[in-house]
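Coordinate inspection notes
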Amino acid sequence: MKREMNTLGKAAIAAVLAACSLGAPPTLASGSTPPPSLHGTPHHVIDAAGAPPALAPGSTPPPYVQKNPYVVLNAAAARGPITVTPLRGGVYLLQGSGGNIGVLPSKDGAFMVDAGIAAASGSGAPRQRLESALQKLGASRIRYLVNTHYHWDHTDGNIWVHEHGASIIATPHTLRDLSKSVRVVEWAHTFTPVPAAARPTVLVAAERTFTVDGNPVRLRPYSTAHTDGDLSAYFTRADVLFTGDTFWNGLYPFIDHEVGGSIDGMIQAANQNIAMVGNSTIVVPGHGPVGRRADLVEYRNMLVAIRNRVADLKGRGLTVEQTIAAKPTQHFDAKWGQGVIGPDLFTTLVYRGV
Ligand SMILES: [Zn+2]
Ligand SMILES: [Zn+2]
């Protein structure tokens, strides 16, 4: 246990050394022209970094949206760089392009969990930075790509990863969500159907294990939680669990009500994650730093406490605005409320589900 912790500590330091950047990150002047899409499809169009996306009439973001997560995450991916962290047993973590990405290089081709954000302006596009990082890991050929759910910060790179040979694995719900238009009001963005080459072709509706070079990876769908298609990936030899966006380490999570997500589903998924891991398991969240079982427990307890406070206030007849004004998250904000999902938005997301 102690040795593993030391390994992880060294890994964090190694991340900086192994950071892959193709040069200075691009900077966009505010008001600059949005970059062209790499793939020419509406799904991949990235709004100008830092600038609010064009809104259809009547679709102004609600007042509780302090920062549009869609814009914030795209801007962060455009800045780069990609950091590479060895976790254990040959499994690596790539960070800096949307959600966390996992890679296990192997002679059969790499096993990859999530594909990040692909498109941005200039030569330092996230796709190129990710490809460079994979090349250095000996993972240019990819056997499998798992989509933990449909959100663009985990699937925008599907096309180029598929070009590297990957079969794309996801739940049937994720395929359905990628194949239709979904308006996410809190992001002021409509996701349109992705091209055929970006769609998952290997569907898992129940637990199933895939193997590359003798390394099993167990995939297990959740019930509806963050979305209706959440999927975990557990590298059994390395004892590394990727939770997708059912776990945000040190950050309030987003909950996608458009496709059935809810706070109660998030709590149920958090309990499933706790049940899946031991004390030495390395737990990779969808967003935030890697954690351990204790971090999952603290996260679950935070979700439960805020859920109960918001349900109590809503049960007394308070509107969502009045509930926000009552600050039901305030004891947790210093630790959890500093990310893209601020206290007011998180309160609203919880309120919708209770
Ligand atoms: Zn995400
Ligand atoms: Zn997500």
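Note: the structure precedes this text.
Residues numbered from 1 in each chain as written. Chains lettered and ligands numbered in written order. Predicted model: local features only at pLDDT ≥ 70, side-chain atom pairs only at ≥ 80, totals over all residues.

**Let's talk about the overall build of the protein**
- Assigned secondary structure in the protein consists of 11 helices and 14 strands.
- Sequence-distant contacts in the protein: of pairs separated by 6 or more residues, those separated by 24 or more amount to 68%. (Helix = DSSP H or I, 4+ residues; strand = E, 2+ residues; numbered from the N terminus. Contact = placed C-beta atoms within 7 Å.)

**Considerations on the pairing of strand β1 (residues 83-88)**
- Alignment of β1 against strand β2 (residues 91-95), held across 5 bridges, turns out to be antiparallel. For V84, the partnering residue across the bridge sits in β2 and is L94.
- Taken together, β1 and the strand that follows it, β2, pair antiparallel across an intervening segment of 2 residues, in which G89 is found at a positive phi of about 60°. (Pairing = 2+ DSSP bridges.)

**Some details on helix α2 (residues 69-79)**
- Of the residues making up α2, those classed as buried are P69, Y70, V71, L73, N74, A77 and A78.
- The inward-facing, buried residues of α2 abut α3 (126-136), α4 (152-155) and β8 (189-191).
- Positive phi shows up at G80, right after α2, with a value of about 65°. (Buried ≥ 20, exposed ≤ 12 C-beta atoms within 10 Å, placed from the backbone.)

**Quick word on the sheet that holds strand β6 (residues 167-170)**
- Pairing is mixed in the open sheet, where 7 strands are placed in the order β1-β2-β3-β4-β5-β6-β9. Each edge of the open sheet is held by one strand with a lone partner, namely β1 and β9 (202-203).
- Sheet topology places β2 next to strand β3 (residues 101-104); 3 bridges connect them, and they run antiparallel. In the strand pairing of β3, Y92 is matched with V103.

**Some remarks on the environment of V184**
- By secondary structure assignment, the location of V184 is in strand β7 (residues 182-184).
- C-beta crowding within 10 Å serves as the criterion here: with 18 such atoms nearby, V184 is assigned to the partly exposed category.
- The spacing of V184 and V259 is 75 residues in sequence and 9.3 Å in space, taken between C-alpha atoms.
- Leave out the neighbours within four places in its chain, and V184 touches H189, F191, D256 and E258.

**Focus on the environment of G261**
- With respect to the secondary-structure elements, G261 resides in the loop between β13 (240-242) and α7 (263-276).
- Taking the C-alpha atoms as reference points, G261 and G229, separated by 32 residues in sequence, lie 9.4 Å from one another.
- Not counting chain neighbours up to four residues away, the residues in contact with G261 comprise T224, A225, H226, T227, I255 and D256.

**Some remarks on the sheet that holds strand β14 (residues 282-284)**
- Ordered in space as β10-β11-β12-β13-β14, the 5 strands form an open sheet in which the pairing is mixed. Of all the strands in the sheet, just β10 (208-212) and β14 have a single pairing partner and so form its edges. With strand direction ignored, the average angle separating the axes of adjacent strands in the sheet is 20°.
- Where β13 and β14 come together, 3 bridges link them in parallel fashion. Note on β14: the bridge partner recorded for L241 is V283. (Axes fitted to C-alpha atoms, helices over the stretch in contact; angles between N-to-C directions.)

**Topic: the packing of α7 against helix α8 (residues 293-315)**
- Relative orientation of the contacting elements α7 and α8 amounts to 160°, with a least axis distance of 9 Å. One way to sum up the angle between α7 and α8 is to call them roughly antiparallel. Note on packing geometry: the crossing formed by α7 with α8 is left-handed. Residues I263, M266, I267, A270, N271, N273 and I274 of α7 form the contact with α8, whose participating residues are R293, L296, V297, Y299, R300, L303, V304 and R307.
- By residue class, the composition of the contact of α7 with α8 is 10 nonpolar, 2 polar and 3 charged. (Parallel < 35°, antiparallel > 145°, perpendicular 65-115°, else oblique. Left-handed = near helix turned anticlockwise from the far one by under 90°. Nonpolar A, V, L, I, M, F, W, Y, C, P; charged D, E, K, R; others polar.)

**Notes on unusual backbone geometry**
- Even without a glycine there, the phi angle at D213 is positive, about 50°.
- As for its placement among the helices and strands, D213 is situated in the loop between β10 and β11 (215-221).
- Although it is not a glycine, K327 adopts a positive phi angle of roughly 50°.
- Overall, K327 belongs to the partly exposed group, with 13 C-beta atoms counted inside 10 Å.

**Quick word on α7**
- Under the 1.5 Å per step criterion, the end-to-end length of α7 is 20 Å for 14 residues, consistent within 8% with the ideal 20 Å.
- Within α7, burial applies to I263, G265, M266, A269, A270 and N273. The buried residues of α7 occupy an angular sector of 150° when the element is viewed end-on, so they sit on one face. (Expected span 1.5 Å × (residues − 1). Arc of directions from axis to C-beta.)

**A word on the nonpolar core**
- Residues L94, V103, M112, L145, V146, A233 and V284 are the most contacted members of the largest nonpolar core, which totals 87 residues.
- Here this core gets 6 residues from one element, more than from any other, and that element is α8.
- The residues touching V284, leaving out its near neighbours within four places in the chain, are L93, N100, G102, V240, L241, F242, T243 and V290. (Core = buried A, V, L, I, M, F, W, Y, C linked by C-beta atoms within 7 Å.)

**What about the pairing of β6?**
- The sheet contact formed by strand β5 (residues 142-146) and β6 spans 3 bridges and is parallel. In the sheet register, Y144 faces β6, and the bridge partner there is S167.
- As paired strands, β6 and β9 are joined by 2 bridges and run parallel to one another. For A170, the partnering residue across the bridge sits in β9 and is L203.

**Quick look at the packing of α8 against helix α11 (residues 343-353)**
- Axis separation between α8 and α11 bottoms out at 9 Å; the angle between their running directions is 65°. The orientation of α8 with respect to α11, classified from their angle, is roughly perpendicular. When the axes of α8 and α11 are compared, the crossing they make is right-handed. Across the interface between the two elements, I306, R307, V310 and K314 of α8 pack against T347, V350 and Y351 of α11.

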